[in-house]
Each structure stands twice: as structure tokens, then as C-alpha cells.
2 protein chains.
Amino acid sequence: MVTKQLAGSHDEADLTRADSLAREIFSDVANKWAFLIIEALGERTLRFSALRNEVDGISHKMLTQNLRILERNGLVERTVYPTVPPRVEYTLTEPGQGLREAVSGMCAWTQRYLAHIESARRDFDAGSAAM
Amino acid sequence: MVTKQLAGSHDEADLTRADSLAREIFSDVANKWAFLIIEALGERTLRFSALRNEVDGISHKMLTQNLRILERNGLVERTVYPTVPPRVEYTLTEPGQGLREAVSGMCAWTQRYLAHIESARRDFDAGSAAM
DNA sequence: CCGAATCCACAACGATACTG
DNA sequence: CAGTATCGTTGTGGATTCGG
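Described in the following lines is the structure provided in the data block. This is a predicted model, so every value here is computed, not measured.

Quick look at the overall build of chain A
Here is step 1 of the chain: Secondary structure summary: chain A contains five helices and three strands in total.
Here is step 2 of the chain: Each helix and strand of chain A, ordered N terminal to C terminal, gives the series α-α-β-α-α-β-β-α.
Here is step 3 of the chain: The buried share of chain A, reckoned over its 131 residues, is 44%.
Here is step 4 of the chain: Entry remark: accessible area of chain A is about 6,900 Å², with carbon and sulfur atoms responsible for 52%.

Written out as C-alpha cells, the structure is:
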């Protein structure tokens, strides 16, 4: 699936539509900031500013932007308390939690191969520099 | 980890270094094309042009670029056969396979929530359009 | 406190053309 | 066939400012 799929089903135009939708979702979700936001949220409910502190290095703009996208896809829930000053909380929905598990898988993978990757990079960079 | 970590270890400067490295890896790997390439490769060995056919919509340039990055991180192995015309094959290394499993997790997640997400989007877009 | 909009530098991307 | 370089366009992301 997603790339070319194994065509286990019946129709074809139908699958390619699902495929292009899957691509869109990937575009929305498969980026550094979305991942970090999802990991930061975890099972907690956080305010905008708290979230901004957790995901460090993220700009105000990027945070809002990515949160909007996640919200649009139904992965985070946005709750506005009409107090003054305003107060907005974000929390992962159930599909969002599902994604978080996948993301956690990637995080675990990163941890596991950290050293391996680091040395692969050194080798590669050393090889490129040889001229 | 990756974002702020739970500080289960001893030192601190050490962890933040690992953390920033993890970030770098995320930047390299957490993007649409890298994911699609990894899924397309799977357990097979593919030539450049074959890979290009599998990951459809990808440009020549993007493919080389992402392959270089993956190679640099030791996730794909690049084998050049010095024939004429040249022939270059790509295959996932063991760490690459590990990443692929995580990516597959995301693909499975996508499939699972496809309909859910689609309707969440409709709701969101309908809400935004209300003015 | 949160979000939207503006401005702007610069990175990403696609198309093309050229090399081995 | 595979890779690199260049160019022009589009997009991304930060800083700032204004508004609720």
C-alpha cells in the first residue's frame, strides 16, 4: 500500500484513490515537527504555551500551523476556554494515540541505532572528503 | 526521549547531545519521500530506475538526493556495477529494515484510520467554511 | 494567552542539460 | 543508466505586529 500496493482487493480506481489520500496524510504527518508535537503531547493535555516549551526550538508559527493540520485530520482535539486571558488546550484523540504508537516505534528505533548511524555518517563523510 | 526525555540516566550534557543527534536523524528521515522509498525498497534490491518507477511521482533529483541521505545514515546500501551502461542497485541494510518496520507501522495506522481521517477533514473544512 | 497576517530570506523542488 | 550542476519558480519558516 501507499506506494504501489499488493492489489489484494477487487477494484483499482478505488485503491488508487485510497492511495492518494494516504499520500496526503503522509505529507501532513510525516514531518519532524508533527512527530515531535505528538511525542510531546503523549497522553497529557497541554496548553499552547506549555507545548511550546516542550517541543523546544519550535516557533510560534510552526506550532500553530502543525496543530491546525493535526486538528484537521482529527488527531488532536483543541479545547478553547473563553476566559481572559484565553486558554487553549490540546490533547491527542484516539487516532492520534494510534499514530503516537507508530511514532514511538520510530523513536525507539532511533535510540537503538543511534551509535550505528553516527558511525555510518562518519564513514560516509570521510569517504566523500577523500579527494 | 527526543523531545525532552524522562531523564532516566546519569549525566545531562550527554543526553542532550544524543537528543540533538536524534533530531538530526528525524530531519533526515521523517519526510514523505524517505518513507515512500523505504517502503518501496522493502526487502528487495532495486535499481535506480526501477525504484523511480515504484515511488511514483518522485523526480530524478529527489530520488538521488534522498538516497544519498539514506546512504549516509547507513540505511541503504548502494552497489555500483561498473558496466556500461552503468548499473546501480539499492537495498536496505539491517538498520534500514528496522526503520522500515516502524514505517510499516505508520502505513498500517494510515490504512486503519483512513476513513476516520477523511471524515474528520470534511467536518473541519465544513466548519472553517461557515462564515 | 493565543492566533492570524504580513514581510522577507532562503531552502526545496522540477526541468533541463551535460558527463562518464 | 545514473549522477551532477544550474536555473527559475514555488514554498517554508522565522520575526514581527496587530487583534480577540
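Okay, back to it.
Focus on the sheet that holds strand 2 (residues 76–81) of chain B
Residues and elements named next belong to chain B.
Here is step 1 of the chain: Strand order in the open sheet made by the three strands is 1-3-2, with antiparallel pairing throughout. In the strand order of this sheet, the two ends are held by strand 1 (45–47) and strand 2, each with one partner. Direction aside, neighbouring strands of the sheet carry axes that sit 25° apart on average.
Here is step 2 of the chain: As paired strands, strand 1 and strand 3 (residues 87–92) are joined by three bridges and run antiparallel to one another. In the sheet register, Thr45 faces strand 3, and the bridge partner there is Thr91.
Here is step 3 of the chain: Where helix 2 (residues 32–41) meets the sheet, it contacts strand 1, strand 2 and strand 3, and its direction lies at approximately 95° from that of strand 3.
Here is step 4 of the chain: Sheet strands touched by helix 4 (residues 60–72): strand 2 and strand 3. Its angle to strand 2, the strand with the most contacts, is close to 110°.

Things to note about the protein's contact with DNA strand D
Here is step 1 of the chain: Not every one of the 16 residues close to DNA strand D is listed here, only the nearest: Ser59, Lys61 and Met62 of chain A together with Ser49 and Tyr90 of chain B.
Here is step 2 of the chain: Taking the atoms of DNA strand D that fall within 4 Å of the protein, sugar and phosphate contribute 60% of them.
Here is step 3 of the chain: In the environment of DNA strand D, a phosphate oxygen lies 3.2 Å from a nitrogen or oxygen atom belonging to the side chain of Arg68 of chain B.
Here is step 4 of the chain: Broken down by secondary-structure element, the contributors of at least two residues to the surface near DNA strand D are helix 4 (60–72) of chain A together with helix 3 (48–54), helix 4 and strand 3 of chain B.
Here is step 5 of the chain: Looking at the surface near DNA strand D element by element, the count peaks at four residues for helix 4 of chain B.
Here is step 6 of the chain: In the surface near DNA strand D, the residues fall into seven nonpolar, four polar and five charged.

A word on the side chain of Glu71 of chain A
Here is step 1 of the chain: For Glu71 of chain A, the location among the structural elements is in helix 4.
Here is step 2 of the chain: Among all residues touching Glu71 of chain A, those that are not within four sequence positions of it are Val76 and Arg78 of chain A together with Phe124 of chain B.

Here we look at the pairing of strand 2 (residues 76–81) of chain A
Residue and element names in this part refer to chain A.
Here is step 1 of the chain: With six bridges connecting them, strand 2 and strand 3 (residues 87–92) associate as antiparallel partners. Bridging across to strand 3, Glu77 finds its partner in Thr91.
Here is step 2 of the chain: Between strand 2 and the antiparallel strand that follows it, strand 3, lie five residues.

Regarding the protein's contact with DNA strand C
Here is step 1 of the chain: By nearness alone, 16 residues border DNA strand C, and Phe48, Ser49 and Tyr90 of chain A together with Ser59 and Lys61 of chain B come closest of all.
Here is step 2 of the chain: Per the 4 Å cut-off to the protein, sugar and phosphate atoms form 66% of the nearby atoms of DNA strand C.
Here is step 3 of the chain: Between DNA strand C and Lys61 of chain B, the relevant distance is 2.6 Å, taken from a base oxygen to a side-chain nitrogen or oxygen of the residue.
Here is step 4 of the chain: Within the residue set of the surface near DNA strand C, elements represented by two or more residues are helix 3 (48–54), helix 4 and strand 3 of chain A together with helix 4 of chain B.
Here is step 5 of the chain: Class assignment for the residues of the surface near DNA strand C results in seven nonpolar, five polar and four charged.

Points about the sheet that holds strand 3 of chain A
All names here are of chain A.
Here is step 1 of the chain: With antiparallel pairing, three strands are arranged side by side in an open sheet as 1-3-2. Here the strands that pair on one side only, and so sit at the sheet edges, are strand 1 (45–47) and strand 2. Each adjacent strand pair in this sheet contributes to an overall mean axis angle of 25°, direction not counted.
Here is step 2 of the chain: Relative to strand 2, helix 4 is tilted by about 110°, and along the sheet it contacts strand 2 and strand 3.

Quick notes on the nonpolar core
As a rule of thumb, nonpolar side chains are buried together in soluble globular proteins.
Here is step 1 of the chain: Ranked by size, the top nonpolar core spans 70 residues in total, and within it Phe35, Ile37 and Leu51 of chain A together with Phe35, Ile37 and Leu51 of chain B carry the most contacts.
Here is step 2 of the chain: Non-local contacts of Phe35 of chain B, meaning those with residues more than four positions away in its chain, are made with Phe26, Ala30, Phe35 and Met106 of chain A together with Val29, Ala30, Val103 and Met106 of chain B.

A closer look at the pattern of salt bridges
Here is step 1 of the chain: Considering all chains together, one arrives at 16 salt bridges over all chains under this definition.
Here is step 2 of the chain: Between Asp56 of chain B and Arg23 of chain A there is a salt bridge, with the nearest N and O atoms lying 3.7 Å from each other. Placement of the pair is Asp56 of chain B in the loop between helix 3 and helix 4 and Arg23 of chain A in helix 1 (residues 13–29), with the two residues belonging to separate chains.
Here is step 3 of the chain: For Asp56 of chain B, a relative accessible area of 38% translates into the label partly exposed.
Here is step 4 of the chain: Here Arg68 of chain B ties to Glu71 of chain B by a salt bridge, and the two come within 3.8 Å at their closest N and O atoms. You can see Arg68 of chain B and its partner Glu71 of chain B sitting in helix 4, three residues apart, about one turn around the helix.
Here is step 5 of the chain: Exposure remark for Glu71 of chain B: the relative accessible area of 19% places this residue in the buried category.
Here is step 6 of the chain: In the salt-bridge network here, residues are joined through shared partners; they are Glu24 and Asp28 of chain A together with Arg121 of chain B.

Procedures and definitions
- In this numbering scheme, every chain counts its residues from 1 along its sequence in written order.
- By the order in which they are written, chains take letters starting at A while ligands take numbers starting at 1.
- Local features in this predicted model are restricted to residues whose pLDDT is 70 or higher, and side-chain atom pairs enter the listing and the counts only when it is 80 or higher, whereas totals over whole chains, interfaces and linings include all residues.
- Computation of side-chain values covers all heavy atoms of the structure but excludes hydrogens and water.
- Under the DSSP-based scheme used, a helix requires at least four consecutive residues in state H or I and a strand at least two consecutive residues in state E, with every element numbered from the N terminus.
- Working definition: with a 1.4 Å probe on protein chains only, accessible area under 20% of the residue-type maximum means buried, over 50% means exposed, and in between means partly exposed.
- Computed by Shrake-Rupley with a 1.4 Å probe, the accessible areas treat only the displayed protein chains as cover when residues are assessed.
- In short, DSSP must find at least two bridges between two strands for them to pair.
- Where helices are involved, their axes are fitted lines through C-alpha atoms of the stretch in contact, as for all axes, and angles between N-to-C directions lie from 0 to 180°.
- Residue contacts are defined here by distance: any two heavy atoms, one from each residue, within 4.5 Å place the two residues in contact.
- Proximity is defined per residue: if any heavy atom of the residue lies within 4 Å of a molecule or strand, that residue is considered near it.
- Think of a polar contact as two N or O atoms within 3.5 Å of one another; within protein, one of them needs to be a possible hydrogen donor and the other a possible acceptor, and neighboring residues in sequence only count if both atoms come from side chains.
- When residues are grouped by polarity, Ala, Val, Leu, Ile, Met, Phe, Trp, Tyr, Cys and Pro land in nonpolar, Asp, Glu, Lys and Arg in charged, and all others, Gly among them, in polar.
- In plain words, nonpolar cores are sets of buried Ala, Val, Leu, Ile, Met, Phe, Trp, Tyr and Cys residues tied together by side-chain atoms within 4.5 Å.
- Basic side-chain nitrogens of Lys or Arg form a salt bridge, by our definition, when they fall within 4 Å of a carboxyl oxygen of Asp or Glu.

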